[in-house]
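Survey of secondary and tertiary structure
The primary structure of each chain is shown beneath.
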Amino acid sequence: MNFGANTFIWRSPFSTEHDLDLIPKLKEMGFDLIEVAVEDPALIDLKVLKDALDKDAMGIVTCGTFGPGRNLSSLDMKERQAAKDYLIWMIDAAEYLGSLVVIGPMYSAVGKARLESKEDREKEWQYAVDGLKDMCAYAEKKGIKLAFEPLNRFETDLINVVEQGLKLIDDVGAENLGFHLDTFHMHLEEKDSVEAVKKAGKKVFHFHACENDRGVPGTGQVEWEGIFKVLNEIGYSGSVVIESFTPEVKSIARAVCIWREIAPDQDTIARDGLKFIKSFPGMA
């Protein structure tokens, strides 16, 4: 396995003009890669980013963000096309930068959580399936995997648990489509997070190690021993990334409802979290 931290811990939106200092910072902390959350592609100069990664010999994972208007399963064709255009950019960027996977809740828009008619839900599901078929076919030509993230019920009404995700994978029928699992969301939605990881099995393409309150991993309620044990049991060899949000990044704090201090500071979340994760057998 290799270990990374998401740029959301410190900055939003990430730009190559202002935020490249995070790369040597994470390197110094002992991380293998930086997970760059791309909110606005216009803020990213891919050549500049690649040069900075190469300078510090850091890996990268490209993390998709799917806000309002960027919705692959929308009933609005313009929103679906916007999501496809964005995903094509992300896939091209992943290929150029050396990220083997594009991650995120790419099946819908974050924050779309409402009770809809059966007919509308069926339409949205099929739009998500059709859209992901197209995106997987494009990504396959580039040698890129797509890893979608189940979110909690307050952030999406489409995919909350692994069981739903397995149906999506089956319906899409693409070998390069799998899971981006996150322990924060799993803690809220799964009956048993360890069993959910086991059920996802070889379809786990990416993993977020996040505490139940978004604080420092190891200071909350997540059943870490079982989580790390099952990751080794299923033969997971991908990235384990710490993602968190703090009140210091106000735009994201509002979006994910972080109203109080959850850690001493941003660096502690990353540095102490990495030390905690690596303390488990098979996670060094």
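Bear in mind the structure is a predicted one, so any value in this text is a computation, not a measurement.

Criteria and cut-off values
Residues numbered from 1 in each chain as written. Predicted model: local features only at pLDDT ≥ 70, side-chain atom pairs only at ≥ 80, totals over all residues. Heavy atoms only, no water. Helix = DSSP H or I, 4+ residues; strand = E, 2+ residues; numbered from the N terminus. Rg over C-alpha atoms; globule rule 2.2 N^0.38 Å. Buried < 20%, exposed > 50% of the residue type's maximum accessible area, 1.4 Å probe, protein only. Salt bridge = Lys/Arg side-chain N within 4 Å of Asp/Glu carboxyl O. Phe/Tyr/Trp six-rings, centres within 6.5 Å; stacked < 30°, edge-to-face > 60°. Lys NZ or Arg CZ within 6 Å of the ring centre and 35° of its normal. Polar contact = N/O pair within 3.5 Å; in protein donor to acceptor, adjacent residues only side chain to side chain. Contact = heavy atoms within 4.5 Å. Pairing = 2+ DSSP bridges. Axes fitted to C-alpha atoms, helices over the stretch in contact; angles between N-to-C directions. 1 Å grid on protein atoms, 1.4 Å probe; cavity = no way out; pocket = protein on both sides within 12 Å on 5 of 7 lines; lining within 4 Å. Points joined across faces, edges and corners; volume = space filled by probe spheres on them.

On to the overall build of the chain, then. Secondary structure summary: the chain contains 10 helices and 8 strands in total. For 284 residues, the compact-globule formula gives about 19 Å, and the C-alpha radius of gyration of the chain, at 18 Å, lands near that figure. Structurally, the chain occupies a C-alpha span of about 50 × 40 × 35 Å along its principal axes. Looking at the chain as a whole, 56% of its 284 residues are labelled buried.

Tallied over the entire structure, the rule returns 16 salt bridges. Of the charged contacts, one joins Asp-267 and Lys-25 as a salt bridge, the two residues approaching to 3.1 Å between their closest N and O atoms. Of the two residues, Asp-267 sits in helix H10 (residues 266-278) while Lys-25 sits in helix H1 (residues 22-29), which places them 242 residues apart along the sequence. According to the relative accessible area criterion, Asp-267 is partly exposed, its value standing at 22%. Lys-25 sits in the partly exposed class, given a relative accessible area of 27%. Ionic pairing is found between Glu-243 and Arg-214, a salt bridge with its closest N-O pair at 3.5 Å. Of this pair, Glu-243 sits in the loop between strand S8 (239-242) and helix H9 (250-256) while Arg-214 is found in the loop between strand S7 (204-208) and helix H8 (224-233), placing the two residues 29 residues apart along the sequence. This pair shows no difference in class: Glu-243 is buried, exactly as Arg-214 is. Salt bridges sharing common partners tie together Lys-112, Glu-116, Glu-124 and Asp-157.

A few words on the packing of aromatic side chains. Taken as a whole and judged by the stated rule, the model has 7 aromatic pairs. Ring geometry for Phe-148 and Phe-179: centres 5.2 Å apart, planes at 50°, overall tilted. Linking Phe-148 in strand S5 (residues 145-148) with Phe-179 in strand S6 (residues 177-182), this pair joins segments that are 31 residues apart in sequence. Here the two residues Phe-148 and Phe-179 agree in accessibility, since each one is buried. Ring geometry for Trp-224 versus Phe-276: centroids 6.0 Å apart, planes at 80°, classification edge-to-face. Of the two residues, Trp-224 is situated in helix H8 and Phe-276 in helix H10; the sequence distance between them amounts to 52 residues. Grouped by ring-pair contacts, the aromatic residues Trp-224, Phe-228, Phe-276 and Phe-280 constitute a single cluster. Its end group placed over the ring of Tyr-86, Arg-70 keeps NZ or CZ at 3.7 Å from the ring centre. Looking at Lys-145, its charged tip hangs above the ring of Phe-205, at a distance of 4.5 Å from the centre.

Before going further, it helps to examine the side chain of Thr-62. Among the structural elements, Thr-62 can be located in strand S3 (residues 59-64). Among the residues examined, Thr-62 registers a relative accessible area of 2% and is labelled buried. Within the structure, the side chain of Thr-62 is placed 3.3 Å from the backbone oxygen of Val-101, a separation counted as a polar contact. Leaving out residues up to four positions away in the same chain, Thr-62 has contacts with Val-36, Met-90, Ala-94, Leu-97, Ser-99, Val-101, Val-102 and Ile-103.

Let us now look at the sheet that holds S8. Backbone-to-backbone hydrogen bonds join strands into a sheet, with any given pair of strands oriented parallel or antiparallel. Ordered by their spatial adjacency, 8 strands build a closed barrel running S1-S2-S3-S4-S5-S6-S7-S8, and the pairing between neighbours is parallel. For this sheet the average axis-to-axis angle between neighbouring strands, irrespective of direction, equals 30°. Relative to strand S2 (residues 33-38), strand S1 (residues 2-6) runs parallel, the two sharing 3 bridges. Bridge assignment links Gly-4 to a residue of S2, and that residue is Leu-33. Those strands touched by H10 are S1 and S8, and its axis lies near 140° from that of S8.

Scanning the entire structure with this criterion turns up 1 cavity of 30 Å³ or more. Within this model, the largest cavity holds a volume of roughly 30 Å³. Around the largest cavity sit Val-36, Val-38, Ile-44, Leu-46, Leu-49, Ile-60, Thr-62, Trp-89, Ala-93 and Leu-97, which together line it. For the lining of the largest cavity, the secondary-structure elements that each account for two or more residues are S2, helix H2 (46-55), S3 and helix H3 (77-97). When residues in the lining of the largest cavity are grouped by element, the largest group, 3 residues, is from H3.

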